[in-house]
Amino acid sequence: MKYSFFLAVIFIASFNQLPATACTNNTDSQSLEYSRRENNRCEGIKNRQVSGGINLISFTTRNIPRFGSTLKLMIPRFSNENPEVNVRSLEKDYQLDNISLKKEPSFYTFTWSTSVLTKAQVNQNSLRALAFNPSNLMYLPVTLGQTSGRYEFVLHSSVPVKITSFKIFNNGKVVHSSPPRTSSGGEIIFAWDARKFNSGNYELRYEAQRNGRIFPTKVSFRHDPKWLK
């Protein structure tokens, strides 16, 4: 059975690319409408559904006890290529993207005001983020707030589904697996404490069962244990 890497590519495009006119200038700082803010991001409430299928919508390590006046994210600098990144809350239709990242020695960082998050009453635990290098579609973990010491993978399905297999590979060997999970539709969360595993390229392979059919997917990601400390 071939893994549906093509499906992952399609999802990445649909999840991260917005029409050029989608992010408009808005001089009303009190508005929650999705718009360009402070010339460094597009942010706000945008009624936009996740594409169909069973997709990875978040790869993070996060620890946000509560919202302060600002929130910081970090993405490892694996290459000199600026990663694509989205932060979302499907619960509140919140979306943050088109971010102007700051390049630091080991990470790309971004700090933004939590004004929209607090006004829209977004729960900090509902934030999801996804980042990848566009040239090779290598996923990179997004740190939201502080590290939790583990990775969190969030899959999403708009219909009832069973995740029959969830495995992480390194050099062709399984280094982590999770029991099957069933969802009536929505998010399915998996966690992995990878602090004892060596840095390198890893693969996430998962299989979803829907209407008697199996949909396998494979995505690549980068890991370094220092990102979890």
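Structural data are supplied above this passage.
1. Concerning the overall build of the protein
Then, in step 1: When its secondary structure is counted, the protein shows two helices and 19 strands.
Then, in step 2: A buried classification covers 49% of the 229 residues belonging to the protein.
Then, in step 3: Carbon and sulfur atoms make up 45% of the accessible area of the protein, which amounts to about 11,200 Å² in all.

2. Regarding the pairing of strand S7 (residues 94–97)
Then, in step 1: Across the two faces of S7 the burial is the same, with Tyr94 and Leu96 and Gln95 and Asp97 all buried.
Then, in step 2: Bridging between strand S6 (residues 84–89) and S7 involves three bridges; their strand directions are antiparallel. Across the sheet, residue valine 87 finds its bridge partner in S7, namely leucine 96.
Then, in step 3: The hairpin formed by S6 and S7 contains four residues between the paired strands, and aspartate 93 there has a positive phi angle of roughly 60 degrees.

3. Some details on the sheet that holds strand S12 (residues 142–145)
Then, in step 1: An order of S8-S9-S5-S12-S4-S13-S17 is seen for the seven strands of this open sheet, with the pairing classed as mixed. Sheet topology places strand S8 (102–103) and strand S17 (186–192) at the edges, where each strand pairs with a single neighbour.
Then, in step 2: By the bridge criterion, six bridges tie strand S4 (residues 54–63) to strand S13 (residues 151–157) in an arrangement that is antiparallel. The partner of threonine 60 across the bridge, within S13, is glutamate 152.

4. Observations concerning the packing of aromatic side chains
Then, in step 1: The tally for this structure, following the rule as stated, stands at 14 aromatic pairs.
Then, in step 2: Judged by centre distance (5.2 Å) and plane angle (55 degrees), the rings of tryptophan 192 and phenylalanine 197 are tilted.
Then, in step 3: Taking the relative accessible area as the measure of exposure, tryptophan 192 reaches 2% and is therefore buried.
Then, in step 4: Take phenylalanine 197: its relative accessible area is 24%, and that puts it in the partly exposed class.
Then, in step 5: Ring geometry for tryptophan 192 and phenylalanine 221: centres 6.3 Å apart, planes at 80 degrees, overall edge-to-face. In this pair, tryptophan 192 sits in strand S17 while phenylalanine 221 sits in strand S19 (residues 213–223), placing the two residues 29 residues apart along the sequence. Phenylalanine 221 carries the same exposure label as tryptophan 192, and that label is buried.
Then, in step 6: Three or more aromatic residues joined by ring pairs form one cluster here, namely Phe59, Tyr151, Phe153, Phe166, Phe190, Trp192, Phe197, Tyr202 and Phe221.
Then, in step 7: Seen from the ring of tyrosine 108, arginine 77 lies directly overhead, with NZ or CZ sitting 5.6 Å from the centre.

5. A short note on the state of the cysteines
Then, in step 1: As enumerated under the stated definition, the model contains one disulfide in all.
Then, in step 2: One disulfide in the model links cysteine 23 with cysteine 42; its S-S distance is 1.9 Å. Between cysteine 23 and cysteine 42, the disulfide has an S-S torsion of -100 degrees and is therefore left-handed. A residue pair is termed long-range when its members are at least 10 positions apart, and cysteine 23 in the loop between helix H1 (5–16) and strand S1 (24–25) and cysteine 42 in strand S3 (residues 41–45) qualify at 19 residues.
Then, in step 3: Its relative accessible area of 0% is what places cysteine 42 among the buried residues.

6. As for the nonpolar core
Then, in step 1: Counting 26 residues, the largest nonpolar core has Phe153, Leu204 and Phe221 as its most contacted members.
Then, in step 2: If you list the elements that add at least two residues to this core, you get S4, strand S10 (128–133), S13, strand S14 (161–170), S17, strand S18 (200–210) and S19.
Then, in step 3: Contacts of phenylalanine 221, omitting those with residues within four sequence positions, involve Phe59, Met138, Tyr139, Phe153, Ile168, Trp192, Gly200, Asn201, Tyr202, Glu203 and Leu204.
Then, in step 4: One finds Ile75, Tyr108, Val116 and Ala131 within the second-largest nonpolar core, a separate group that totals 24 residues.

7. Some details on the environment of glycine 212
Then, in step 1: With respect to the helices and strands, the residue glycine 212 is situated in the loop between S18 and S19.
Then, in step 2: With 51 residues separating them in the primary sequence, glycine 212 and valine 161 have C-alpha atoms 10.0 Å apart.

8. Here's the deal with the pattern of salt bridges
A side chain of one charge can pair with a side chain of the opposite charge when the charged atoms of the two come close.
Then, in step 1: As enumerated under the stated definition, the model contains eight salt bridges in all.
Then, in step 2: Note that glutamate 187 and arginine 128 form a salt bridge whose closest N and O atoms lie 2.8 Å from each other. Residue glutamate 187 is located in strand S17, and its partner arginine 128 is located in strand S10; the two are separated by 59 residues in the primary sequence.
Then, in step 3: Among the residues examined, glutamate 187 registers a relative accessible area of 31% and is labelled partly exposed.
Then, in step 4: One salt-bridge network, held together by shared partners, links Arg62, Arg128, Glu152 and Glu187.

Quick notes on the rules
- Residues numbered from 1 in each chain as written.
- Predicted model: local features only at pLDDT ≥ 70, side-chain atom pairs only at ≥ 80, totals over all residues.
- Heavy atoms only, no water.
- Helix = DSSP H or I, 4+ residues; strand = E, 2+ residues; numbered from the N terminus.
- Buried < 20%, exposed > 50% of the residue type's maximum accessible area, 1.4 Å probe, protein only.
- Areas by Shrake-Rupley, 256 points an atom, 1.4 Å probe, with all protein chains shown as cover.
- Pairing = 2+ DSSP bridges.
- Phe/Tyr/Trp six-rings, centres within 6.5 Å; stacked < 30°, edge-to-face > 60°.
- Lys NZ or Arg CZ within 6 Å of the ring centre and 35° of its normal.
- Disulfide = S-S within 2.5 Å.
- Core = buried A, V, L, I, M, F, W, Y, C linked by side-chain atoms within 4.5 Å.
- Contact = heavy atoms within 4.5 Å.
- Salt bridge = Lys/Arg side-chain N within 4 Å of Asp/Glu carboxyl O.

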